[in-house]
Each structure stands twice: as structure tokens, then as C-alpha cells.
Amino acid sequence: MQRSLFPVFISAALVIAGYAALVQFLPFKVQKGQNQFDTNMLRAQDYLGRPEADTVMAGSSLTFRLPPPVLGPHIANLAIAGGSPATGITLIERSGARPRLVLVEVNLLSRGTDAATLQSLLRFPERQLRESVRAFRTGYDPVNLAERVIQALLHKADEDLVPQPDAIRKLIADQRQAMSSPPDAVSLNRNLAQIASLVSTLQARGVRVGFFELPIDPNLMDLAGEKELRRAVMERFPPDHFCWLKLSVPGGAHTIDGLHLMTADAVLVATQVVEQRRACLKS
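Cut-offs applied
Residues numbered from 1 in each chain as written. Predicted model: local features only at pLDDT ≥ 70, side-chain atom pairs only at ≥ 80, totals over all residues. Heavy atoms only, no water. Helix = DSSP H or I, 4+ residues; strand = E, 2+ residues; numbered from the N terminus. Rg over C-alpha atoms; globule rule 2.2 N^0.38 Å. Buried < 20%, exposed > 50% of the residue type's maximum accessible area, 1.4 Å probe, protein only. Contact = heavy atoms within 4.5 Å. Areas by Shrake-Rupley, 256 points an atom, 1.4 Å probe, with all protein chains shown as cover. Core = buried A, V, L, I, M, F, W, Y, C linked by side-chain atoms within 4.5 Å. 1 Å grid on protein atoms, 1.4 Å probe; cavity = no way out; pocket = protein on both sides within 12 Å on 5 of 7 lines; lining within 4 Å. Points joined across faces, edges and corners; volume = space filled by probe spheres on them. Nonpolar A, V, L, I, M, F, W, Y, C, P; charged D, E, K, R; others polar.

Student: Is there a simple way to think about the overall build of the chain in this case?
Tutor: Regarding its fold elements, the chain presents 12 helices and five strands. By the compact-globule yardstick of 19 Å for 283 residues, the chain fits well, its C-alpha radius of gyration being 21 Å. If you line up the chain on its principal axes, its C-alpha atoms span 75 × 50 × 40 Å. Looking at the chain as a whole, 47% of its 283 residues qualify as buried. Of all intrachain contacts in the chain linking residues separated by at least 6 positions in sequence, the fraction that spans at least 24 positions is 75%. Looking at the chain as shown, the accessible area adds up to about 15000 Å², and 59% of this sits on carbon and sulfur atoms.

Printed below as a string of C-alpha cells:
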């Protein structure tokens, strides 16, 4: 005679409910996932659940490296590693959030919005469930949670993997080649028009919008691709109408590949963001 599956379902339901209750009342938050994508989702989901920061940064993997502990509780880092600043500012606009200030990275504004990521974060009812139940959030699955607990028990800090000097020089040379040509004009104009529309919507909501360019390797700063992007963005969002942060590293930025700041420089730049955003809030 076939055994009833009812006890199995009851046991599974109790295990799931028990795990959800454990995660909900843990005395700490998981702030970093086991990979870059999970950390992207964690940061975005945490912000959507409690959009309390008065300043939000929309950026790419360049801004992603600015450490949240240095930025502090008043600045949410919504940079999408591997993605575009356009995704972050679109997320802020569509979520209905009303921060006092949104700061937009311009380095990779030539990239378009990631529609799949936006849909995943804003889709009903997942967004609503994540806002109230931690177990539905990325990073609170058993694998991510176990990894974070083990690291905490071992007092193990996350390591910043820096390539060897020869590898860094090769990466910078590759970036130099890629950035020697101006971006596609049609695509860039389309993306900047989308950003302009989002900026107008946020401003109508009472949100201030500012811009910033992260320092990169000095040998790349004045290449055709970088100069044309900078010109197009400043023409669309002129400094006399928008607040622009002035971020720099004395002696030139130290990067792991020409674009992404090494940890010490990322800390320095994050400190400048904290200091300079006050002027944007007052403007």
C-alpha cells in the first residue's frame, strides 16, 4: 500500500518555516553575497525594503567598489557591478523612492538599462515579499548565509584580489585600445535622452540629481572614447544646472585594470563623496 505523502509535506513546511523564522530574527544582516551578482541584488533589495538613505548613488562596477562603510548610513550605493548607472537611476524612479539626492556616475553612461534586473527587483509579488520576509531576499539562502556565518566566526575579511603588475599593464593596454575610439553616437544619444527623462521625473518628485566622474588611470583620461562621453554628458547635464562632484586622487588613480580603483583609492574617493554631497544637498 502506498504511503501518504502528507507527513513529508508537513515536515518540509515546518523546516522551511523554521528557517524563515531563524533568518528573520538573526542579530545581523547579510551585506555581501557569495558572488558579484548576489551582492548587486542584496544592495538593491535592502534599499527597496527601506529606502531611508537621503543620498543614493547610481553607478557601474566602478562605483560598486566604493565601500559602503566609508559612505556611511546616509548614502546607499546602488551601483550595479557588471551593469550600467542607467539601471540604478531607473530603479530609483520606478520604485517610487524619494531620496533627497541621486548621484549618477558618468563613466559608463554609454551603456543602456538592464531590463531583466529591473523586472526581477520590481516584479509583484516578489518585491513585496522581500520587503517583509528576509528569507525571500538574495543572500539569505542557506549557502550565502552559511558562508557569511563561517567568515564571521573565523574573523575572515573579504580579500581584494589585485592582479600582478604585468597583468595590470596588459589590462590597461587593452582598455586603451578599446577607449581610443569615440562611443557610437546614436546609442549614446539614445541612452542620454533616457537618463534626461528619468532626471526630469525625479526632479518633479522633489529629488535633486547630481553627477560624478570616477578617477581612472591617467593614461586613459583623455582618450577619444572618454573625452567624447564626458563632452556629451556635460552638454546634456551642464555644471551650471546640475551639481557635479569633483573627485580626484593626488598623483593619479591606482587601478587594477585601468578603470577600477584599488581599495585605498576607493576609500579616498568615497570620503570625498561624503564631504561633497553636502554642497549638492544645499544647491
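Continuing now.
Student: Can you help me understand the nonpolar core in this one?
Tutor: Judged by nonpolar contacts, the single largest core of 36 residues is most densely connected at Ile89, Ile195, Val199, Phe211, Val233 and Phe237. Every element with two or more residues in this core is listed here: helix 2 (36-49), strand 1 (55-58), helix 5 (85-95), strand 3 (101-105), helix 6 (115-122), helix 10 (185-204), strand 4 (208-212) and helix 11 (224-236). Among the elements that make up this core, the one with the highest residue count is helix 10 (seven residues). In this structure Ile195 touches Ala86, Ile89, Leu109 and Phe237, once residues within four positions along its chain are discounted. Within the second largest apolar cluster, 30 residues are counted, among which are Ala253, Leu261, Ala270 and Val274.

Student: How do you make sense of the layout of surface pockets when you look at a structure like this?
Tutor: Empty space among the atoms becomes visible once a probe the size of a water molecule is rolled across them. Of the volumes computed, that of the largest pocket is approximately 1700 Å³. What lines the largest pocket is a set of 49 residues, among which Gln31, Lys32, Thr39, Arg43 and Pro68 lie closest to the centre. Listed by contribution, the elements that provide at least two residues to the lining of the largest pocket are helix 2, helix 3 (61-64), helix 4 (68-71), strand 2 (75-77), helix 7 (126-132), helix 8 (142-153) and helix 12 (263-282). At seven residues, the largest contribution of residues to the lining of the largest pocket is made by helix 2. In the lining of the largest pocket, the residues fall into 19 nonpolar, 15 polar and 15 charged. Here the second largest pocket is characterised by a volume of approximately 270 Å³. Lining the second largest pocket are 15 residues; nearest its centre among them are Asn107, Leu108, Ser110, Met179 and Glu226. Elements with a contribution of two residues or more to the lining of the second largest pocket: helix 9 (165-178) and helix 11. Looking at the lining of the second largest pocket, the element that brings in the most residues is helix 11, giving three residues. Tallied by class, residues from the lining of the second largest pocket come to nine nonpolar, five polar and one charged.

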